[in-house]
Amino acid sequence: MRYDEVKRAAERIAGLVRPVAVVPAAERSSGPEVFLALEFLQHTGSFKARGARNFLRAHAESGTLPEAGVTIASGGNAGLACAWAAREQGVRATVFLPQTAPQVKVDRLRGYGADVRLVGAEYAEALAACEAFAAGSGALASHAYDHPLVAAGAGTLLEEIRRAVPGLDTVVVSVGGGGLFAGVAAAARRHGVRTVAVEPENCRALHAALAAGGPVDVTVDSVAADSLGARRASAAAVHAARQDGVHSVLVPDAEIVRARRALWDSHRLAVEHAAATAYAALASPAPAYRPAPGEKVCVVLCGANTDPSDLAPGR
């Protein structure tokens, strides 16, 4: 992923997505300055809207949007973004999800007018069905994370965070397949900003790839698997993770759940477990990433497509 791709994406989707709101996580103290990027307020409830809009706009500009529309496989959020962007572009969307996808995401997809197809128990099976559909129908195949236009769109987020936090030192992002991470890391590297890539212990596609020397398949078993449950990290994400200024860390499910609860109890922010994964890297009793005093850190809260009923008192 190149920085110029992120810059072109920013120009292409300017005015078509919501600029991110960035707020302090707490009163300023002598420790690090921690900020929260409220990207869950984005259209469709996650950062995925950026990549989907960039993908479809680029194809519309080049005249390569087919009459059969667009198709995508997703754990939920990428499908929502694709369906929304397709509706805005005036084309059809066929979205493949695992049968385990949260009902709240299925219902919202149908609300965007998407043809929703539930296949298999995990993302990889939905992806295989999507690829077969694209080959047979002529629909344009998008991807939840492994496409340069999608990753570049996600990377536009870093440009906005830097404007909100002058002197930003570090950005912390959750990682599934690595689209958000690859795009953000490309922009961060250009500006000398450190990137911390955070995964659940049992959804560690990027961490495993770094250990193996390249993308490998991993098992998927986490409370955040509906969004971070990619079996394999993209080659672009693995390349980005090997660059200077990047840290790859893991957090256990118990700390993800604790972080999600803390965001609600302390800030009244109802986010999905994928967003809480990034926050858990700093908020755990034994943090996976410990900022230095005075370090300016921004945690990306990437999505809120969740059922918030389990955040009620006593749950």
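Structure: above.
Numbering of residues starts from 1 in every chain and runs along the sequence as written. Local features in this predicted model are restricted to residues of pLDDT 70 or higher, and side-chain atom pairs are both shown and tallied only at a pLDDT of 80 or more, whereas totals for entire chains, interfaces and linings draw on every residue. The side-chain figures draw on all heavy atoms in the structure; neither hydrogens nor water molecules are used.

Draft legend 1. The sheet that holds strand β7 (residues 170-174), seen in detail. Should DSSP find at least two bridges between two strands, the strands are taken to pair. Secondary structure elements follow DSSP: runs of H or I no shorter than four residues count as helices, runs of E no shorter than two count as strands, and numbering proceeds from the N terminus. Spatially, 6 strands are ordered β1-β2-β10-β7-β8-β9 in an open sheet, and the strand pairing comes out mixed. In the strand order of this sheet, the two ends are held by β1 (22-24) and β9 (246-251), each with one partner. The average undirected angle you get between the axes of adjacent strands in this sheet is 25 degrees. The pairing of strand β8 (residues 194-200) with β9 spans 6 bridges and is classified as parallel. Every axis in this analysis is a line fitted to C-alpha atoms, fitted for helices over the stretch in contact. Angles between the N-to-C directions lie between 0 and 180 degrees.

Draft legend 2. A look at helix α8 (residues 205-212). Only protein chains enter the accessibility calculation, which uses a 1.4 Å probe. A residue is then buried if its area is under 20% of the maximum for its type, exposed if over 50%, and partly exposed in between. Of the positions making up α8, those classed as buried are Ala205, Leu206, Ala208 and Ala209. An end-on view of α8 places all buried positions within 165 degrees of arc, on one side of the element. The directions from the helix axis to the C-beta atoms are what the arc is built from.

Draft legend 3. Seen up close, the sheet that holds strand β4 (residues 93-97). Judged by pairing direction, the sheet is parallel, and its 4 strands sit side by side in the order β5-β4-β3-β6 without closing on themselves. In this open sheet, the two edge strands, each paired with only one partner strand, are β5 (115-118) and β6 (140-141). Direction of pairing for β4 relative to β5: parallel, over a ladder of 4 bridges. What sits directly across from leucine 97, in β5, is leucine 118. Sheet contacts for helix α4 (residues 103-111): β4 and β5; angle to β5, the most-contacted strand, approximately 150 degrees. Residue contacts are defined here by distance: any two heavy atoms, one from each residue, within 4.5 Å place the two residues in contact. Relative to strand β3 (residues 70-73), helix α5 (residues 123-137) is tilted by about 160 degrees, and along the sheet it contacts β3, β4, β5 and β6.

Draft legend 4. The arrangement of the environment of phenylalanine 40 in detail. Within the fold, phenylalanine 40 resides in the loop between β2 (33-37) and α2 (48-62). With relative accessibility at 11%, the residue phenylalanine 40 sits in the buried group. Remark: the alpha-carbon pair of phenylalanine 40 and alanine 21, spanning 19 residues in sequence, is separated by 9.6 Å. When neighbours within four sequence positions are excluded, phenylalanine 40 is seen to be in contact with Gly45, Ser46, Leu269, Val271, Leu301, Cys302, Gly303 and Ala304.

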